[in-house]
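Chain by chain, the residues run as shown.
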Amino acid sequence: MAHAATHDHHDDHHGAPSNFFTRWFMSTNHKDIGTLYLVFSLLMFFIGGSFAMVIRAELFKPGLQLVQPYFFNEMTTMHALVMIFGAVMPAFVGLGNWMIPLMIGAPDMALPRMNNLSFWILPFAFALLLSTLFLPGGGPAGGWTMYPPLSLQGDSVAYVVFAVHLMGISSIMGAINIIATILNMRAPGMDLLKMPVFVWSWLITAFLLIAVMPVLAGAVTMLLTDKYFGTSFFNAAGGGDPVLFQHIFWFFGHPEVYIMILPAFGLVSEIIPTFARKPIFGYKAMVYAIASIAFLSFIVWAHHMFAVGLPLGGEIFFMYATMLIAVPTGVKVFNWVSTMWGGSMTFETPMLFAVAFVILFTIGGFSGLMLALAPADFQYHDSYFVVAHFHYVLVTGAIFAIIAGSYYWLPKWTGHMYSEFWGKVHFWNSVVWVNVLFFPQHFLGLAGMPRRIPDYNVAFANFNMISSIGGFLFGASQLIYVGVIIHAVWFSKKKAPDRVWEGAKGLEWTVPSPAPHHTFELPPVIHDDELAHGHVED
Amino acid sequence: MTQQDTDSSNEARRKSAKRTALVVAVIAAAIFLLSILQMLKVK
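Cut-offs applied
Throughout, residues of each chain are indexed from 1 in the direction in which the sequence is written. All chains are assigned letters beginning at A, and all ligands numbers beginning at 1, according to the order in which they are written. Where totals are concerned, whole chains, interfaces and linings use all residues; where local detail is concerned, this predicted model gives features only for residues with pLDDT of at least 70, and gives and counts side-chain atom pairs only at 80 or more. Excluding hydrogens and water, the side-chain figures rest on all heavy atoms present in the structure. By the criteria applied, helices consist of DSSP H or I runs no shorter than four residues and strands consist of E runs no shorter than two, each listed in order from the N terminus. To estimate how far a helix should reach, multiply one less than its number of residues by 1.5 Å. Note on bend: at a given residue it equals the angle between the axes fitted to the 7 residues ending there and to the 7 starting there. Buried residues are those whose accessible area, probed at 1.4 Å on protein chains only, stays under 20% of the maximum for their type, while exposed residues exceed 50% and partly exposed ones sit between those limits. Cavities and pockets were defined on a 1 Å grid built from protein atoms only: a cavity is a group of points that admits a 1.4 Å probe but offers it no way out, a pocket is an open group of points flanked by protein on both sides within 12 Å along at least five of seven lines, and a lining residue is one with an atom within 4 Å of any such point. Grid points are joined across faces, edges and corners, and a volume is the space filled by probe spheres set on the points. For this classification, the nonpolar set comprises Ala, Val, Leu, Ile, Met, Phe, Trp, Tyr, Cys and Pro, the charged set comprises Asp, Glu, Lys and Arg, and every other residue, Gly included, is treated as polar. The term polar contact refers here to a pair of N or O atoms within 3.5 Å; inside protein, the definition further demands a hydrogen-donor-capable atom paired with an acceptor-capable atom, and it admits residues adjacent in sequence only when both atoms are side-chain atoms. What makes two residues a contact is simply this: any of their non-hydrogen atoms within 4.5 Å. By convention, a stacked pair of Phe, Tyr or Trp rings (six-membered ring in the case of Trp) has centres within 6.5 Å and planes under 30 degrees apart, an edge-to-face pair has planes over 60 apart, and any other such pair is tilted. Residues belong to a common nonpolar core when they are buried Ala, Val, Leu, Ile, Met, Phe, Trp, Tyr or Cys residues joined through side-chain atoms within 4.5 Å. Buried area is a sum: the accessible area each of two parts loses on coming together, probed at 1.4 Å, counted once for each and added. By salt bridge we mean one thing: a side-chain nitrogen of Lys or Arg within 4 Å of a carboxyl oxygen of Asp or Glu.

### Focus: helix α4 (residues 69–104) of chain A
All names here are of chain A.
(1) Moving on: Counted at 1.5 Å a residue, the expected span for α4 with its 36 residues is 52 Å, and the 50 Å between its end C-alpha atoms agrees.
(2) Moving on: By the largest-angle criterion, methionine 83 marks the main kink of α4, which is about 35°.
(3) Moving on: Most of α4 is tucked away: 32 of the 36 residues are buried.
(4) Moving on: Just downstream of α4, glycine 105 is the residue with a positive phi angle, here 75°.

### Focus: empty space enclosed by the protein
All names here are of chain A.
(1) Moving on: Inspection of the entire model under this criterion finds 3 cavities of 30 Å³ or more.
(2) Moving on: Approximately 150 Å³ is the volume found for the largest cavity.
(3) Moving on: Taken together, 15 residues make up the lining of the largest cavity; nearest its centre are Phe85, Met89, Pro90, Val93 and Ser171.
(4) Moving on: At the level of secondary structure, the elements contributing two or more residues to the lining of the largest cavity comprise α4, α6 (157–184) and α7 (197–228).
(5) Moving on: Counting residues per element, the lining of the largest cavity draws most heavily on α4, which supplies 5 residues.
(6) Moving on: Partitioned by chemical class, the residues of the lining of the largest cavity number 11 nonpolar, 4 polar and no charged.
(7) Moving on: Considered as a void within the structure, the second largest cavity measures approximately 60 Å³ in volume.
(8) Moving on: Considering the residues around the second largest cavity, the lining is formed by Met103, Lys194, Met195, Pro196, Glu270, Lys505, Gly506, Leu507, Glu508, Leu531, Ala532 and His533.
(9) Moving on: Among the residues making up the lining of the second largest cavity, the classes are represented as 6 nonpolar, 2 polar and 4 charged.

### Description of the side chain of histidine 254 of chain A
Residue and element names in this part refer to chain A.
(1) Moving on: Summarising the element assignment, histidine 254 is placed in helix α8 (residues 242–259).
(2) Moving on: Here histidine 303 takes part through its side chain, which lies 3.1 Å from a polar atom of the side chain of histidine 254.
(3) Moving on: Setting aside anything within four residues of it in sequence, one finds histidine 254 in contact with Ser297, Val300, Trp301, His303, His304 and Ile325.

### Considerations on the layout of surface pockets
Residue and element names in this part refer to chain A.
(1) Moving on: Here the second largest pocket is characterised by a volume of approximately 1,200 Å³.
(2) Moving on: Residue lining of the second largest pocket: 42 residues in total, with Thr35, Leu38, Val39, Ile485 and Val489 positioned closest to the centre.
(3) Moving on: Put simply, the parts of the chain that give the lining of the second largest pocket at least two residues each are α2 (20–25), α3 (30–58), α4, α5 (112–131), α15 (384–414) and α17 (461–491).
(4) Moving on: The dominant element in the lining of the second largest pocket, judged by the number of residues it contributes, is α3, at 11 residues.
(5) Moving on: Residue composition of the lining of the second largest pocket, by class: 31 nonpolar, 7 polar and 4 charged.

### Focus on the packing of aromatic side chains
Residues and elements named next belong to chain A.
(1) Moving on: Applying the stated criterion across every chain yields a total of 46 aromatic pairs over all chains.
(2) Moving on: Look at tryptophan 336 and phenylalanine 357: their rings are 5.7 Å apart centre to centre, the planes differ by 80°, and that puts the pair in the edge-to-face class. A residue pair is termed long-range when its members are at least 10 positions apart, and tryptophan 336 in helix α12 (residues 326–340) and phenylalanine 357 in helix α13 (residues 349–372) qualify at 21 residues. There is no split in this pair, since tryptophan 336 and phenylalanine 357 are both buried.

### Digging into the nonpolar core
All names here are of chain A.
(1) Moving on: Among the nonpolar cores identified, the biggest contains 183 residues, and Phe85, Trp336, Phe357 and Trp409 are the most heavily contacted of them.
(2) Moving on: The element that contributes the greatest number of residues to this core is α4, accounting for 22 residues.
(3) Moving on: Other than its neighbours up to four places away in sequence, tryptophan 336 contacts Phe265, Val268, Ser269, Ile272, Ile280, Met286, Phe357 and Val358.
(4) Moving on: Ranked by size, the runner-up nonpolar core spans 6 residues in total, among them Ala302, Phe306, Phe318 and Ala374.

### Overview of the interface of chain B and chain A
(1) Moving on: Contact residues are listed per partner, giving 20 residues for chain B and 27 residues for chain A.
(2) Moving on: Carbon and sulfur atoms supply 77% of the area that chain B and chain A bury against each other, a total of about 1,900 Å² over both sides.
(3) Moving on: For the chain B face of the interface with chain A, the top three residues by lost area are Arg13, Val24 and Met39 of chain B, together amounting to 30%.
(4) Moving on: For the pair chain B and chain A, the number of links is 0 salt bridges.
(5) Moving on: At the surface where chain B touches chain A, the tally comes to 4 residue pairs in polar contact (both at pLDDT 80 or more).
(6) Moving on: When the residues that make up the side of chain B that touches chain A are grouped by side-chain class, the tally is 12 nonpolar, 5 polar and 3 charged.

If you want it as structure tokens, here you go:
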């Protein structure tokens, strides 16, 4: 399938501009822009990770050890902003850019020049955001949620708001491009319900982005006008309401959580069938489950605000609506397990990370269910239990899936196999230390340790020390990841075949490794039995 | 599929992609404006 259209380009970078500046700064090629996104997100992952190391170093022992409280607050705020908007989201956009056109048989993204602009906005946005750390008054320190009036107290508000605007514009343009590509650029025969689950997950995520990023932009614009133009949207003294900001923010913020996890579901749904050597169990159910989760994400925002003083009816509604999310999520977890059930499984590095994702994300899901219970949340709210919960969802969930996806497609991108030995060393170190890092935080939270504090009661000393040791070693483990990537890109001698994994199915495996600069200039012919999910019943 | 067929089908796809992008962009801009306008209480 599709070989005629692609196999005449065995040159590594056939058609790519030879000039470095032209190729990387002015690129309109989805693969090069995908690479730029992935490299950028890796850089941000280490910058955000270094902020986390400062946090864990300060919390290693009770008392103020290394940094001033204001700087500690800057670190918690910046860690979140950089990881969410700089590492996780661009990583998924990078994977989408690289793989969506290859998976649907399109020659490129629908709007290649806008694709270039979407990426190149980001370095400026983050340069602006990170520059606030060097302002005389310091950077933002009110938490990534930017609740007023706290967030309005510094002098960095305008910088942060403009940076968030830029990130929002970038995300919206990226989402527009993905929607236009998937709806218009599919090869003939690639019907919507024949698309890989990863493509489906990105289509739904792109609609979520379109719906909520403008809301965040609106919220921070109102912060800006409250600070500098005399409005009182969130100022009680002027007739506004600070709680209004929380409602608007979380109307964006909860779907944002799903923006960071739905593409992860898609990735895992590609990897598990490959290494179980079976089609995904319940393809349609998987697609409908993603759509259901996306819908429910719009009606659960106030579960972040149970302690703010909501009416009882509101608390009950948001509690049950939140618990309802467990149903489609459960469908997905059971379908991944059913896909593995009876399969001829092998455990290469991508599969190890995918299996760890299923287990550890489910732990994060269960602690989420505990938090969803309004009466229980009054105890857990703003405690380290919440920190443990969302790090299980976002680190062992989203980031493990991104790492799994990068190992899975790295041979297709580079044309060389990565070192399986060092990949497994990376995996086992990551999976052990991430649990040492985050699991004790459940106990800290249940014992009453609040989040976002640089000092704590001596009663919390032991678990904090264990958590910090886990944090340092988890951080150090990621250097192995960088080593594996550098080795695969520049030093690996082992050539990757076109179909890198024995059980891999889908259009991306029909093009050579490394994928040529231009693919599917003539649309491929689609054969149902070549698709990852096999035959789909009408 | 001949080169001519491919060119005309690519042209049609480009046009419809631009239309899709425009519609989605208008929706995003409308959500942004409405999110602020519905909060305005001008006395």
